[in-house]
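Structural overview
Here's the letter readout for the chains.
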Amino acid sequence: MVFSKEATAVFDAGRELWKYYHGQNDVDINVNASFYDIRAYFQGTNAQGRMNPRSEDATYTKLIGELRNNLSVLADKIKPKVYEYEFLKE
């Protein structure tokens, strides 16, 4: 299987975030962490149990920003095909 450069950029950005999470020296690290778990670890939750919108960790903020940017680029590339192949009707 061959992935586009946009998809590869998403994989790479996600891998960097994953590596950063697993590089933390903390007993609360989950070896089977999902994307949500990683976000919850760095962003924390408020008194109502909702995830905070930001993190104080500058490296995490940079990595999550890069991942979101790459996801946006990939979404823009995929968007026309969603209608062309009729996954959604216009």
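Use the structure listed above.
Report on the accompanying structure. (Residues numbered from 1 in each chain as written. Predicted model: local features only at pLDDT ≥ 70, side-chain atom pairs only at ≥ 80, totals over all residues. Heavy atoms only, no water.)

This part covers the packing of helix α2 (residues 35-43) against helix α3 (residues 58-84). Relative to each other, α2 and α3 sit at 145 degrees, their axes nearing to 11 Å. Where α2 crosses over α3, the two elements pack in a sense that is left-handed. Within the contact between the two elements, α2 uses Phe-35, Arg-39, Phe-42 and Gln-43 and α3 uses Tyr-60, Ile-64, Leu-67 and Arg-68. Split into classes, the residues belonging to the contact of α2 with α3 amount to 5 nonpolar, 1 polar and 2 charged. (Axes fitted to C-alpha atoms, helices over the stretch in contact; angles between N-to-C directions. Helix = DSSP H or I, 4+ residues; strand = E, 2+ residues; numbered from the N terminus. Left-handed = near helix turned anticlockwise from the far one by under 90°. Contact = heavy atoms within 4.5 Å. Nonpolar A, V, L, I, M, F, W, Y, C, P; charged D, E, K, R; others polar.)

Glancing now at α3. One full turn of an α-helix is made of 3.6 residues, so residues set three or four places apart face in the same direction. The end-to-end C-alpha distance of α3 is 40 Å, a good match for the 39 Å that 27 residues give at a rise of 1.5 Å each. Approximately 35 degrees is the largest bend angle found in α3, and it occurs at Ile-78, with the proline Pro-80 only one to four residues beyond. Here α3 has its buried residues at Tyr-60, Leu-63, Ile-64, Leu-67, Asn-70 and Leu-74. Check the buried side of α3 and you find it contacts α1 (5-22) and α2. (Expected span 1.5 Å × (residues − 1). Bend = angle between axes of the 7 residues up to and from the residue. Buried < 20%, exposed > 50% of the residue type's maximum accessible area, 1.4 Å probe, protein only.)

Backbone geometry places Glu-86, a non-glycine residue, at a positive phi of 60 degrees. Inspection of the secondary structure assignment puts Glu-86 in the segment after α3. Assessed through its relative accessible area of 56%, Glu-86 is described here as exposed.

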